[in-house]
Number of protein chains: 2
Amino acid sequence: MTSTGDSGSEGAGGKDGDRRAQLVDAAVDHVAAHGIGDLSLRGLGAAIGVSHRMLIHYFGSKEQLLVEIVRASEQRQRDLLSRLRAEPGVSPVDAARLLWRQLTDPQLANQERLFFEIYGQALRGRPEAVPVLDNLVTDWLEPLVAAEVTAGSDPATAHNRARLGLATVRGLLLDLLATGDREGVDAAMEEFFRLYYGPG
Amino acid sequence: MTSTGDSGSEGAGGKDGDRRAQLVDAAVDHVAAHGIGDLSLRGLGAAIGVSHRMLIHYFGSKEQLLVEIVRASEQRQRDLLSRLRAEPGVSPVDAARLLWRQLTDPQLANQERLFFEIYGQALRGRPEAVPVLDNLVTDWLEPLVAAEVTAGSDPATAHNRARLGLATVRGLLLDLLATGDREGVDAAMEEFFRLYYGPG
């Protein structure tokens, strides 16, 4: 349980937004630790120390909160990518390997299952999930393209490589979550790194 | 509408199995043409010319029929891969390019949306979808590994490459279905082919 209190939530503008972001953050932590299962807004509220009424106030529905959890999880992963890129002396393949190790941490499995569920629902046009589609790819392309350009790719190639890298990570995460074959999936990712960054 | 009639469905053993396979086939065609939307068993039955009662008899529930549709769609794609590999004078990269072109045919988009939805549901542990997880990766590895070995890879590398190829295709399909950016996704796939098969 992550207590976030329940005060200040009626503040206007930025304060309301901050509070909303705090709640999403607490919800992401809760999902990471406990999964979603048949979680209700009431149960989630109790777990993160906020009333059901407040969750409705901020998110409207459970489905919309789940979409926000997915968005926040994705943002955390991009923040991690930024930190890895900023580390001195970390080569592109080292940064990619570190990111992959983090993404495949069993602690993230619940968030990633939720990610693929919401993605699938959005593709099928479920109204609450559809808004998430807008940024599922594009939000990643900007930092990934920048990383590729920094590493020496021309812009067109950087764009293709960024898109390819994102797709391969997602495809191998789908594999890992379905099969649980950590060793096999890691070996496939190493094969990708070899092709993508050259034999190290 | 694909009429499949409604007779012979009480036959035992193989005949029952044949009839079931016919119904799945008709359902796959229907989904390809019309999508799933809020399809009911009653609506699907009417569309493919079979009673609601018969669909329940063969599949138990709509969810189980959807799982069978996903399985059959996947099998069709593997059959296509086999045919492409058997064509004389088609190089591995040509076969891969032809397969990719087929998989990204807008006609398959509905099936693929359904595929990712069921995959996501299965990862979240929804009981009707879970059985599909067993073969989502492994059914593909056998033919893909065989293709890689034929093309000259040693068995360990063939396994890694097979797994990587499957993941990349799925990741780029996820991208295409979310963004609709055909040109961008195709360019990323061409970058993959270049890395995977060498500059041609």
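Since the model is a prediction, treat every value here as computed from it, not as a measurement.

Caption draft 1: Quick peek at the relation of the copies chain B and chain A. Under the fitted operation, chain B is carried onto chain A by 0.0 Å of movement along the axis and a turn of 180°, and the coordinates agree to an RMSD of 0.0 Å. The transformation relating the two chain copies, once decomposed into turn and shift, fits a two-fold axis. Of the interface residues in chain B, 100% have counterparts in chain A that sit at the interface too, so the contact is made through matching surfaces.

Caption draft 2: Representation of the domain arrangement of chain A within the structure. All names here are of chain A. Along its sequence, chain A is organised into domain 1 (1–60) and domain 2 (70–197). The gap between the C-alpha centroids of domain 1 and domain 2 is 26 Å. Counting residues at the interface gives nine residues for domain 1, matched by seven residues for domain 2. For the domain 1 and domain 2 pair, buried surface summed over both sides reaches about 650 Å², with 58% attributable to carbon and sulfur atoms. Taken together, the links from domain 1 to domain 2 amount to two salt bridges. Arg76 is the partner of Asp29 in a salt bridge, and the nearest nitrogen-oxygen pair spans 3.0 Å. Counting across the interface, domain 1 meets domain 2 through four residue pairs in polar contact (both at pLDDT 80 or more).

Caption draft 3: Inspection of the packing of helix H6 (residues 109–123) of chain B against helix H8 (residues 155–179) of chain B at higher detail. Residues and elements named next belong to chain B. Orientation of H6 relative to H8, taken along the N-to-C sense of each, is 110°, at an axis distance of 11 Å. Of the possible angle classes, the one that applies to H6 and H8 is roughly perpendicular. The two elements H6 and H8 meet at a crossing, and its hand is left-handed. Between H6, through Ala109, Glu112, Arg113, Phe115, Phe116 and Tyr119, and H8, the contact on the second element is made entirely by Arg170, Leu173, Leu174 and Leu177. By residue class, the composition of the contact of H6 with H8 is seven nonpolar, no polar and three charged.

Caption draft 4: A look at the interface of chain B and chain A. Taken together, the 36 residues of chain B in the interface contact 36 residues of chain A. Buried area between chain B and chain A, both sides added, is near 3,500 Å², and the carbon and sulfur share of it is 64%. Looking only at chain B, the three residues that lose the most surface to chain A are B:Leu123, B:Arg124 and B:Arg163, adding up to 21% of its buried area. The partner of B:Asp181 in a salt bridge is A:Arg163, and the shortest N-O contact between them spans 2.8 Å. Along the contact surface separating chain B from chain A lie 15 residue pairs in polar contact (both at pLDDT 80 or more).

Caption draft 5: Quick peek at the pattern of salt bridges. Residue and element names in this part refer to chain A. Scanning all chains against the criterion turns up 30 salt bridges over all chains. In this structure, Asp139 engages Arg78 in a salt bridge whose closest nitrogen and oxygen atoms are separated by 3.6 Å. Taken together, the residues span a long stretch of sequence, with Asp139 in helix H7 (residues 138–150) and Arg78 in helix H4 (residues 62–86) at a distance of 61 residues. Its relative accessible area of 32% is what places Asp139 among the partly exposed residues.

Caption draft 6: Layout of the packing of aromatic side chains. Under the definition given, this model contains 12 aromatic pairs over all chains. Taking 5.6 Å as the distance between ring centres and 85° as the angle between the ring planes, the aromatic pair formed by B:Phe115 and B:Tyr119 counts as edge-to-face. Highlighted residues: B:Phe115 and B:Tyr119, both in helix H6, separated by four residues, approximately one helical turn. For the residue pair B:Phe115 and B:Tyr119, the accessibility class agrees, reading buried in each case. Taking 6.0 Å as the distance between ring centres and 50° as the angle between the ring planes, the aromatic pair formed by B:Phe193 and B:Tyr197 counts as tilted. Of the two residues, B:Phe193 and B:Tyr197 both sit in helix H9 (residues 182–197), four residues apart, roughly one turn of that helix. What makes B:Phe193 buried here is its relative accessible area of 6%. Members of the aromatic cluster, each reached through a chain of ring pairs, are A:Phe192, A:Phe193, A:Tyr196 and A:Tyr197. Above the ring of A:Trp140, the side-chain terminus of A:Arg78 is found at 5.3 Å from the ring centroid.

Cut-offs and rules
- Residues numbered from 1 in each chain as written.
- Chains lettered and ligands numbered in written order.
- Predicted model: local features only at pLDDT ≥ 70, side-chain atom pairs only at ≥ 80, totals over all residues.
- Heavy atoms only, no water.
- Least-squares fit on C-alpha atoms with pLDDT ≥ 70 in both.
- Contact = heavy atoms within 4.5 Å.
- Domains from an automatic or database assignment.
- Buried area = accessible area lost by both parts, 1.4 Å probe.
- Salt bridge = Lys/Arg side-chain N within 4 Å of Asp/Glu carboxyl O.
- Polar contact = N/O pair within 3.5 Å; in protein donor to acceptor, adjacent residues only side chain to side chain.
- Axes fitted to C-alpha atoms, helices over the stretch in contact; angles between N-to-C directions.
- Helix = DSSP H or I, 4+ residues; strand = E, 2+ residues; numbered from the N terminus.
- Parallel < 35°, antiparallel > 145°, perpendicular 65-115°, else oblique.
- Left-handed = near helix turned anticlockwise from the far one by under 90°.
- Nonpolar A, V, L, I, M, F, W, Y, C, P; charged D, E, K, R; others polar.
- Buried < 20%, exposed > 50% of the residue type's maximum accessible area, 1.4 Å probe, protein only.
- Phe/Tyr/Trp six-rings, centres within 6.5 Å; stacked < 30°, edge-to-face > 60°.
- Lys NZ or Arg CZ within 6 Å of the ring centre and 35° of its normal.

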